[in-house]
Amino acid sequence: MIELEGLTKRYGEKLAVNNLTFTVRPGMVTGFLGPNGAGKSTTMRMMLGLDRPTAGDVRIDGEHYDRLKDPLKYIGALLDAQAVHGGRSAYNHLLCLAQSNGIPRRRVAEVLETVGLTAVARKKAKGFSLGMGQRLGIAGALLGDPRILMFDEPVNGLDPEGIHWIRNLMKALAAEGRTVFVSSHLMSEMALTAEHLVVIGQGRLLADTSMADFIARNSRSYVRVRSPQRERLLDVLHEAGIVVVESGAGALEADGAKAEQIGELAARHQIVLHELSPQTASLEEAFMQLTAESVEYHAHAGPGPQAPPESQWGESWERSRS
Ligand code: ADP
Ligand code: MG
């Protein structure tokens, strides 16, 4: 379990992490989602005692990181763009880590096997591709067989096979009852791995919820309908009390009705349908909506000299929508 209490980090004028309070629980993958610059990496560095909080507190199984004896046995982490000493072989890199943390030597071969680097174990890490470096970083995180694992943007630099592998690894670790905390700026990635979500924007907590709840609360589901007898269909739907909005390309969007109900109504009135498709907003849309709201909130809360960062995100939001 990881517990954050009012965690705050200020770099000069910049409030990178703003009063975060949440708990990361064992037995599931918790996604840590936010656009670039939201404060994810800074939060994770504070969890590991690599950055000192300006205010607030983080506890790993009830203790501060600094006070853990052999911390790699409690928490393993892969940080964003993690540097590995290039001169050492993968094996020796892990062996050094193991020896300085009281971890038995045999774990080195085990984790190399887990991450698929056994064949290149004696090669210098300096010659590794980004993906192999990422796997070596993950091997280091697994070395102490910790109950808590933290991965900062782990799919960066991995090929599709590697991405598939790490998703399964995270789910398997969570299924063993471990705490798995993984960050991403990609909502599509989170949708496939995380059961619980913590969303931040501009360093502030925007949501702390199950994935299913997050989607349900932040998105809308509707049925898209197209018909060559559009006006007649509109009348029939109105009569049935179904709320309809007109969308682009002549399609209608019906809220709060099931596709079955609309299909049966159309059949009863002999209306031809060219499309009848239930739509649920994706996590991506829900995430955009949530962050957009926080942008508006900021804009209304007071313009001030700090306005540019919000409008920057506003622009990228507009861009990614188009
Ligand atoms: P994320 O990982 O979500 O992309 P970061 O935690 O890296 O976000 O950054 C959050 C904010 O803090 C950004 O605006 C970033 O520029 C700033 N920041 C991060 N590290 C430092 C630092 N060492 N010095 C000054 N500003 C920093
Ligand atoms: Mg980051």
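Data block above holds the structure.
Residues numbered from 1 in each chain as written. Chains lettered and ligands numbered in written order. Predicted model: local features only at pLDDT ≥ 70, side-chain atom pairs only at ≥ 80, totals over all residues. Heavy atoms only, no water.

**Q** How should the site of ligand 1 be read in this particular structure?
**A** Neighbouring ligand 1 are Tyr 11, Lys 14, Ala 16, Pro 35, Asn 36, Gly 37, Ala 38, Gly 39, Lys 40, Ser 41, Thr 42 and Arg 45. In this structure, an oxygen atom belonging to ligand 1 sits 3.2 Å away from a main-chain N or O atom of Ala 38. Surface burial for ligand 1 is 62%, taken as the share of its 570 Å² of free accessible area covered by protein chains. Only strand E2 (14–24) and helix H1 (40–47) provide two or more residues apiece to the shell around ligand 1. Tallied by class, residues from the shell around ligand 1 come to 4 nonpolar, 5 polar and 3 charged. (Near = heavy atom within 4 Å. Polar contact = N/O pair within 3.5 Å; in protein donor to acceptor, adjacent residues only side chain to side chain. Areas by Shrake-Rupley, 256 points an atom, 1.4 Å probe, with all protein chains shown as cover. Helix = DSSP H or I, 4+ residues; strand = E, 2+ residues; numbered from the N terminus. Nonpolar A, V, L, I, M, F, W, Y, C, P; charged D, E, K, R; others polar.)

**Q** How should empty space enclosed by the protein be read in this particular structure?
**A** One water molecule sets the probe size; rolling that probe over the atoms shows where empty space is left. Counted according to the given criterion, the structure contains 1 cavity of 30 Å³ or more. The computed volume of the largest cavity comes to approximately 40 Å³. Glu 153, Pro 154, Val 155, Met 170, Val 182, Ser 183, Ser 184, Glu 189 and Met 190 together form the lining of the largest cavity. Mapped onto the lining of the largest cavity, the elements with two or more residues apiece are strand E7 (179–184) and helix H6 (187–193). Of all the elements, E7 adds the most residues to the lining of the largest cavity, at 3 residues. (1 Å grid on protein atoms, 1.4 Å probe; cavity = no way out; pocket = protein on both sides within 12 Å on 5 of 7 lines; lining within 4 Å. Points joined across faces, edges and corners; volume = space filled by probe spheres on them.)

**Q** Looking at this model, I keep getting lost on the environment of Ala 121. Mind explaining?
**A** Mapped onto the secondary structure, Ala 121 falls in the loop between helix H3 (106–115) and helix H4 (130–142). Residue Ala 121 is classed as buried on the basis of its relative accessible area of 8%. Along the chain, Ala 121 and Ser 89 lie 32 residues apart, while their C-alpha atoms are 6.5 Å from each other. Excluding residues that lie within four positions of it along the chain, Ala 121 makes contacts with Ser 89, Ala 90, Tyr 91 and Leu 112. (Buried < 20%, exposed > 50% of the residue type's maximum accessible area, 1.4 Å probe, protein only. Contact = heavy atoms within 4.5 Å.)

**Q** Could you clarify how one ought to interpret the packing of aromatic side chains in this entry?
**A** Geometrically, a pair of aromatic rings is defined through the distance of the ring centres and the angle of the planes. Considering all chains together, one arrives at 3 aromatic pairs under this definition. On the numbers, 5.9 Å between centres and 50 degrees between planes, the contact of Phe 22 with Phe 32 is tilted. Placement of Phe 22 in strand E2 and of Phe 32 in strand E3 (residues 28–33) is noted, with a sequence separation of 10 residues between them. Judged by its relative accessible area of 3%, Phe 22 is buried. Taken together, a centroid distance of 6.0 Å and an interplanar angle of 45 degrees make the contact between Phe 22 and Phe 181 tilted. Taken together, the residues span a long stretch of sequence, with Phe 22 in strand E2 and Phe 181 in strand E7 at a distance of 159 residues. Under the relative-accessibility criterion, Phe 181 is labelled buried at 0%. A cation over an aromatic ring shows up here: Arg 122 above the ring of Tyr 91, its NZ or CZ 4.2 Å from the ring centre. For Arg 135, the ring lying beneath its charged end belongs to Trp 165, and the centroid distance is 4.5 Å. (Phe/Tyr/Trp six-rings, centres within 6.5 Å; stacked < 30°, edge-to-face > 60°. Lys NZ or Arg CZ within 6 Å of the ring centre and 35° of its normal.)

Geometric descriptors of this kind do not, in isolation, establish any biological role.
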